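For reference, the chains in residue letters:
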Amino acid sequence: MEKLILVRYGEIYLKGQNRPFFERTLVDNIKKVLGNYDKAKVFKSQGRIYIEEIPVERAALDALSKVFGIIGINPAWKTKKDLEYIKNMLKVIVEDALEKTTGENPTFKVESRRADKTFPMGSMDLNRDMGAFILQNFPQLKVDVHNPDIRINLEIREHAYAYHENIPGAGGMPVGTNGKTTLLLSGGIDSPVAGWMIAKRGVRLTAVHYHSFPYTSDKAKEKVIDLCRLLTHYCGPIRLHVVPFTEIQQELYEKCPDGLLTVLMRRFMMKIAEIIAIKDGAQALITGESIGQVASQTLEALASTDDAVSLPVFRPLIGMDKKEIVEIAEKINTYETSILPYEDCCTVFVPRHPVTKPKLDRVRQAETLVDGEALIERALEGVEVYEL
Amino acid sequence: MRQIYLDNAATTPLLPEVRDEVIRSLTEDFGNPSSLHRLGLQSERRIKDSRNSIAQLINVSVDSVIFTSGGTEANNLALLGTTRARRRYGNHCITTQIEHSSVLNTFSYLESEGWDVSYLPVDNQGVVDLKDLENAIREDTVLVSIGHVNSEIGAIQPISRIGQFLKANYPDVIFHSDAVQSLGRISLKPVDWGIDLLSASGHKVHAPKGIGILYVKKGTPLITLQWGGGQEMGIRSGTENLTGIVGFGKAAQLIYQFMDREEDKISKMKMALVKGISETVPDAVINGPNPYEGAPHILNISIPGIRGETLLHVLESHGVYVSTGSACSSRRTKISHVLEAIGAPIQIAEGAIRLSLSYMNDLEEILLVPDILRKSVDQVKRFTRR
């Protein structure tokens, strides 16, 4: 008898012809997050992924619970397809389950699946006989087939497998199955959440951050690197581009109307991100904007920023309240890092009275007051790239 | 580009001789000072030598120097240890509004435990008035803690007058002083000054981080915070930080010699800085004490209309390292409590930067600073919020 981890995956069942590709990607992603366990064997068989020769411990389970495409994780046991062996295994499992269950007289149920039809007993028989066996050995237990405290799953496949714990997976689809996008990452609460939401749909991420030294400190850059690292636990490797943005802000400040500074700045950010995205092979941009949150997120302002680029711009948080965004940020563990109080570049060159409903023709007109192409070219020359 | 390090009140680089001694000690002195064999004895001797050098630097007897992990622990030990020992004798402590966070936060913890704490105000130079202390003192006062040199503005408190006043009128009140910023810059005489407890830190005087001392006058009531093998006369158990201690000892020994030989090297550099800045950047305002009266190594200035953090980063891009307010608190976007206490207006407080010197600076580099500051200020001023 040995311990292993069973992984169940969901939505990729739906994908017909693509199914082998999706499964392969999921297996690869699992191998990547289990990189520290070099002996672990990860393979799929009959709609399950099996992870063997791995210590079934907190760190491994936590890492797996962040992999998109998984709907459930079961710490499991396996043994020979032989009734005596199976009974011994069930004893161990019930003992483990009792350790983790509180309450006086816990209830249980056995749910069997016989995938291997050569096994002599059917699943109904298994449920009944194994249930009786458990009752004999653990007199404190009672049966409850509707809402048991302990649900013992027994599966007869190449071997006999059993488990009682089900850890929910992250859901979504395996990262790498739906192309690549570029995330504009400010260092605030919203943008990491936006990236996480798109990655959840199986999309790989690259990231762009705008750095305004000396108006923002290098600690602000460190913070964005930390945020990216936190995202990699879910999204796989991320290439982060840090773009020097000070000169663009200064030029806009000196030459363009004060009230339009923010919208012009955002247009430059989008344009630079688009160039980087295309170079990286990304097919869309992601921002953390939500309607009305700040002056640069009115419908007019959003239209003005969209106008600057031709790639699609995804805004997964567009209809969310701050509270909902914070809840996700806390769940994915980026919140604490996001709220570290280093000035980020959006707070330095902020106009006193930003135009909240910028007219597109006026914005385009104002933009011609600076040599945009030259500014963008110089900014791109100074890009620092981090492979995280 | 020449690097000019002017953040010595935050921490100082190791003196080369200290570094060599630390490396030697790391390799050779691995024995546990409590071990009975030759190697243990050798380590014990190193500690004895270091304790001697430090005792000599602060003019106290060698058995009154307790090694700690730094200034913060020394302050915690002093405040918590004496209030515990004096719990039955009173319920009141006195400190100032401008202490280091390791003193202020310890007192606010003591308040949550039921102690009553008075926070003395300071004048616009950052100095307390002895009269305020006289008025604050009560029958149930057990502890007075007043730092010697303020780390942000360099104000010097009249601790010898305070100590002598206390010893003459309230001999049972324990007097603690945080001397982290004054050690090695101003000569200390805790015995003559009537000080019972005095904290100091190694890394402010070119020794490694992670080592400090608490001077404990013989007979001062103090309950340990840390129980164990009884090291450091039972006041601070735990296997000694030998490399830190050896480094601190070496630094103390060297500084003892500097202080005789180059007594006014640091203050000369500070005066050159003040003169240069007032000529080159006339809009600069000095925060805190008159430069002749404050600590020789700390100068706090503001340029109205400029945020300190922005100026810090521009100066950094020209190779000059300073800090805004106190380095420990620059993570918070909060006005410094010290500048608030001296009544600095908010625009001035937001713009404050601190330049702090050490023996390892030289006059030649200091003379370059005013022009770099001018250049940086111009650079920031071109783009300020309209």
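Computed from a prediction, not measured in an experiment: that's the story for all the values here.

**Details of the overall build of chain B**
In terms of helices and strands, chain B carries 13 helices and twelve strands. Taken over C-alpha atoms, the radius of gyration comes to 21 Å for chain B, in line with the 21 Å a tight globule of 386 residues would show. Along the longest, intermediate and shortest principal axes, the C-alpha atoms of chain B span 65 × 55 × 35 Å. Counting across all 386 residues of chain B, residues that qualify as buried make up 56%. Long-range contacts, defined here as pairs at least 24 residues apart, represent 74% of the contacts in chain B between residues at least 6 apart. Accessible surface for chain B amounts to roughly 16,300 Å². Of this, 51% is attributable to carbon and sulfur atoms. When the 40 positive and 43 negative side-chain charges of chain B are each reduced to one mean point, those points stand 3 Å apart.

**A short note on the environment of Leu6 of chain B**
All names here are of chain B. Mapped onto the elements of the fold, Leu6 is located in the loop between strand S1 (4-5) and helix H1 (16-28). Look at Leu6 and you get buried, because its relative accessible area is 0%. Along the primary structure Leu6 and Asn361 are separated by 355 residues, whereas in three dimensions their C-alpha atoms are 8.1 Å apart.

**Thoughts on the nonpolar core**
Core analysis: the biggest nonpolar cluster contains 88 residues, and Leu6, Phe248, Leu311 and Leu373 of chain B have the highest contact counts within it. A total of ten residues in this core trace back to one element, the largest contributor, which is helix H7 (residues 242-261) of chain B. Split by domain, this core shows at least three residues from each of two domains, domain 1 (4-13 + 263-381) and domain 2 (16-259) of chain B. Look past the residues within four positions of Leu311 of chain B in its chain and what remains in contact with it is Ile303, Ile306, Ile353, Leu373, Ser376, Val377 and Val380 of chain B. Of all hydrophobic cores here, the second largest spans 36 residues; its members include Leu252, Leu261, Val263 and Met265 of chain A.

**Considerations on the domain arrangement of chain B**
All names here are of chain B. Here chain B is partitioned into domain 1 (4-13 + 263-381) and domain 2 (16-259). Relative to domain 2, the C-alpha centre of domain 1 lies at a distance of 27 Å. Contacts between domain 1 and domain 2 engage 33 residues on the former and 31 residues on the latter. Where domain 1 meets domain 2, there are zero salt bridges. Listed by contribution, the elements that provide at least two residues to the side of domain 1 that touches domain 2 are strand S10 (298-302) and helix H10 (337-341). The biggest single contributor to the side of domain 1 that touches domain 2 is H10, with four residues.

**Quick look at the domain arrangement of chain A**
Residues and elements named next belong to chain A. Taken domain by domain, chain A comprises domain 1 (2-168) and domain 2 (180-387). Computed from C-alpha coordinates alone, the two centres of domain 1 and domain 2 are separated by 43 Å. Of the roughly 650 Å² buried at the junction of domain 1 and domain 2 (both faces included), carbon and sulfur atoms supply 56%. Here domain 1 is connected to domain 2 by zero salt bridges. The interface formed by domain 1 and domain 2 includes zero residue pairs in polar contact (both at pLDDT 80 or more). Class assignment for the residues of the side of domain 1 that touches domain 2 results in two nonpolar, one polar and three charged.

**Topic: the sheet that holds strand S5 (residues 141-145) of chain B**
Residues and elements named next belong to chain B. The strand order S2-S8-S7-S6-S5-S3-S4 describes an open sheet built from seven strands, whose pairing is mixed. Edge positions in the open sheet fall to strand S2 (65-68) and strand S4 (116-120), since each of these has one partner strand only. Strand after strand, the sheet turns through a mean of 20° between neighbouring axes, direction not considered. Summarising the sheet, strand S7 (residues 197-201) and strand S8 (residues 212-216) pair through five bridges and their orientation is antiparallel. Across the sheet, Ala200 pairs through a bridge with Ile213, a residue of S8.

**Notes on the packing of helix H9 (residues 308-317) of chain B against helix H13 (residues 369-382) of chain B**
The relative placement of two packed helices is expressed as an angle between their axes plus a distance between the axes. Residues and elements named next belong to chain B. Two numbers describe how H9 lies on H13: the axes approach to 9 Å, and their chain directions differ by 125°. Taken together, the axis directions place H9 and H13 in an arrangement best described as oblique. The chirality of how H9 crosses H13 is right-handed. Taking contact as the criterion, the partners of Thr310, Leu311, Val314 and Leu315 in H9 are, on H13, Ile372, Leu373, Ser376, Val377, Gln379 and Val380. Taken together, the residues that form the contact of H9 with H13 break down as seven nonpolar, three polar and no charged.

Thresholds applied
Residues numbered from 1 in each chain as written. Chains lettered and ligands numbered in written order. Predicted model: local features only at pLDDT ≥ 70, side-chain atom pairs only at ≥ 80, totals over all residues. Heavy atoms only, no water. Helix = DSSP H or I, 4+ residues; strand = E, 2+ residues; numbered from the N terminus. Rg over C-alpha atoms; globule rule 2.2 N^0.38 Å. Buried < 20%, exposed > 50% of the residue type's maximum accessible area, 1.4 Å probe, protein only. Contact = heavy atoms within 4.5 Å. Areas by Shrake-Rupley, 256 points an atom, 1.4 Å probe, with all protein chains shown as cover. Lys, Arg positive; Asp, Glu negative; His and termini not counted. Charge placed at Lys NZ, Arg CZ, Asp CG, Glu CD. Core = buried A, V, L, I, M, F, W, Y, C linked by side-chain atoms within 4.5 Å. Domains from an automatic or database assignment. Salt bridge = Lys/Arg side-chain N within 4 Å of Asp/Glu carboxyl O. Buried area = accessible area lost by both parts, 1.4 Å probe. Polar contact = N/O pair within 3.5 Å; in protein donor to acceptor, adjacent residues only side chain to side chain. Nonpolar A, V, L, I, M, F, W, Y, C, P; charged D, E, K, R; others polar. Pairing = 2+ DSSP bridges. Axes fitted to C-alpha atoms, helices over the stretch in contact; angles between N-to-C directions. Parallel < 35°, antiparallel > 145°, perpendicular 65-115°, else oblique. Left-handed = near helix turned anticlockwise from the far one by under 90°.

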